[in-house]
Amino acid sequence: MTLIKSISGIRGTIGGALGENLTPIDVVKFTTAYARLIKDKNPNKRITVVVGRDARISGSMVDSLVEGTLLGTGVDVINVGMCTTPGTEMAVITHKADGGIIITASHNPRQWNALKLLNERGEFLDDAEGKQVLAMAEDVEWDYPTIDNIGKVVLREDFNATHIAQVLALKLVDVEAVRKRKFKVVVDAVNSIGGVVIPALLKELGCEVIAINCEPTGEFAHNPEPLPENLTEISEVVRREGADLGIVVDPDVDRLAFVMENGEMFVEEYTLVAVADYVLRHTKGNTVSNLSSSRALSDVTARYEGCSYAAAAVGEVNVVKKMKDTGAVIGGEGNGGVIYPELHYGRDALVGVALFLTYFAGLGMTMSELRKTFPAYYASKNKIQLTPEIDVDKILATIKSRYSNERVNDIDGVKIDFAENWVHLRKSNTEPIIRIYTEAKTMAEADTLAKRFISEIEQICKA
Ligand code: MG
């Protein structure tokens, strides 16, 4: 049973005691705080907020609470119903709303839910606004408006078809070129909203779709995080059906992973790498990912003259900020998150699918042949459990000074870029652990590097 309050929203398990789980009262408290923030930002203005949700079993219950609370705070609501995270973000932009709330716990299992909070650009609240919401949620001294000033539902309408049309209208999406290839595609959307929108998008692109786990019941057919160990079923179906590729999305459809024709993973890290390769062919510009993402993006960016790569701290809001600062034309996160600012500043699996298929259609090679055109890196992801006596800041400072002759980046933990590999050490924002991510040209080398740093950390702790 857990309730995690952070600047990016509130996340917790359904059921149990108030303040220790995502109970109805916690939802109301947090939604009220969010409404107050948006109202404070827009004094004397009638406020409209978009509400969307993924297909989680608790989605309808939380949606009712969020909608009712917004109305009670005097905010008008556009409710787009079952919608993806990127679709809800686009609805905020398209309807010119003042903000948005997405009801989804992303890749977390079925007992979880969360509120993701958006600003008027359909982007996540920044650090300062997130902190204000947290503070306001603790302050119950606030008067709700009286009867003449409560909000109303101004629109209750699906947005998924509009979002798909917006994606297909992008200049770099060539619908005709993809249609001609008549790709056979297997989709696994873990029985959430991706099961509706991804097949609909693929049909517009002339693909033959084999849908598995595409009923939006919220009964996740497997652990919803799109990692290889959770994707054995689609792997088998792609091979058996002789499909060109498989497509996997998480429950709120901001993460995208591909399966190759041989049933093996294209690997989540390479979703952004491939899409970036396509975008850079047509649009010269910079790229951004977070510090924990594959070096392959930096390598691919370097293939294009005048284009450069920059790393951001972990978290979509940090990546988006860096993309704006560097004028990046494509960016995202190694977890299969593609951000294409031509449409909007949010991870969007639909954009990823449409750009990727246009690219793939023009190449005339198989997925596994395409994969070989990218530098091969292997990542090892480890963690050390923290106990109260461990001083993480001291550990990171010691490591940083020890490796000061190397390329060190300390904007988010400590990342050391060696010539042939890298290590990134960072404290988790949500769990009492230090994450140790390494990447190298072989899996064995990545594991060895991780072991070396784990033992270094253990020695520092003992000293
Ligand atoms: Mg997600």
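Structure's up top.
The structure contained in this document is the topic of the report that follows. Sequence positions are assigned chain by chain, starting from 1 and proceeding in written order. Local features in this predicted model are restricted to residues whose pLDDT is 70 or higher, and side-chain atom pairs enter the listing and the counts only when it is 80 or higher, whereas totals over whole chains, interfaces and linings include all residues. In computing side-chain properties, one takes all heavy atoms of the structure into account and sets aside hydrogens as well as water.

As a further point, take the overall build of the chain. For the chain, the count of helices and strands is 15 helices and 20 strands. Along the three orthogonal principal directions, the C-alpha set of the chain runs to about 65 × 65 × 40 Å. Each residue's exposure class comes from its accessible area (1.4 Å probe, protein chains only) as a fraction of the maximum for that residue type: buried when under 20%, exposed when over 50%, partly exposed otherwise. Counting all 463 residues of the chain, 58% fall into the buried class. Taking the intrachain contacts of the chain between residues at least 6 apart in sequence as the baseline, contacts between residues at least 24 apart amount to 68%. The way it works is that DSSP assigns letters per residue, a run of H or I at least four long becomes a helix, a run of E at least two long becomes a strand, and they are numbered from the N terminus. Whether two residues touch is decided by their heavy atoms; if any such pair falls within 4.5 Å, the residues are in contact.

With phi around 55 degrees, asparagine 213 is a residue other than glycine that occupies positive phi space. Topologically, asparagine 213 is positioned in the loop between strand E9 (208-212) and helix H8 (232-241). Overall, asparagine 213 belongs to the buried group, its relative accessible area being 15%. Backbone geometry at valine 267 places phi at a positive 80 degrees, although glycine is not the residue there. Its location among the elements puts valine 267 in the loop between strand E11 (256-259) and helix H9 (269-282). On the basis of relative accessibility, which here comes to 33%, the residue valine 267 falls in the partly exposed class.

Our focus in this paragraph is the environment of isoleucine 93. Residue placement: isoleucine 93 occurs in helix H3 (residues 85-94). By relative accessible area, isoleucine 93 is classed as partly exposed at 33%. Separated by 210 residues in sequence, isoleucine 93 and arginine 303 have C-alpha atoms that sit 34 Å apart. In contact with isoleucine 93, not counting residues within four places along its chain, are Arg121, Gly122 and His344.

The subject of this paragraph is the coordination of the magnesium ion. Because no water is among the atoms considered, metal sites can look incomplete, with donors defined as N, O and S atoms within 2.8 Å of the metal, or 3.2 Å for Na, K and Ca. The magnesium ion binds to the protein through Ser106 (OG), Asp250 (OD), Asp252 (OD) and Asp254 (OD), with metal-donor distances spanning 2.0 to 2.1 Å. One chain supplies every donor for the magnesium ion, spaced along it as S-x143-D-x1-D-x1-D. Of the two residues, serine 106 is situated in the loop between strand E5 (99-103) and strand E6 (112-118) and aspartate 250 in the loop between strand E10 (245-249) and E11; the sequence distance between them amounts to 144 residues. Given the relative accessible area of 9%, serine 106 is considered buried.

Now for the pairing of strand E18 (residues 414-417). A regular strand places its side chains so that they alternate between the two faces of the sheet. Burial along E18 is two-sided: Val414 and Ile416 and Lys415 and Asp417, pointing in opposite directions, are all buried. Counted between consecutive antiparallel strands, the loop separating strand E17 (residues 407-409) from E18 contains 4 residues, among which glycine 413 sits at a positive phi close to 70 degrees. By this definition, two strands are paired if DSSP reports at least two bridges between them. Bridge count between E18 and strand E19 (residues 422-427): 4 bridges; the pairing is antiparallel. Bridge assignment links lysine 415 to a residue of E19, and that residue is histidine 424. Hairpin connection from E18 to E19: 4 residues lie between these consecutive antiparallel strands.

Our focus in this paragraph is the environment of glycine 331. Within the secondary structure, glycine 331 is located in strand E14 (residues 328-333). Sequence-distant contacts of glycine 331, that is, excluding residues within four places in its chain, are made with Leu272, Val288, Met323, Gly337, Val338 and Ile339.

In spatial order, the strands read E9-E8-E10-E11; together these 4 strands make up an open sheet with mixed pairing. The sheet is open, and its two edges are formed by E9 and E11, each paired on a single side. Sheet twist, expressed as the average angle between the axes of neighbouring strands with direction ignored, equals 25 degrees. Relative to E9, strand E8 (residues 184-188) runs parallel, the two sharing 5 bridges. Bridge pairing in E9 places valine 187 opposite alanine 211. Only the stretch in contact is used when fitting a helix axis, every axis being a line fitted to C-alpha atoms; angles between N-to-C directions are given from 0 to 180 degrees. With respect to the sheet, H8 is in contact with E8, E9, E10 and E11, its orientation differing from that of E8 by roughly 165 degrees. With respect to the sheet, helix H12 (residues 349-363) is in contact with E10 and E11, its orientation differing from that of E10 by roughly 165 degrees.

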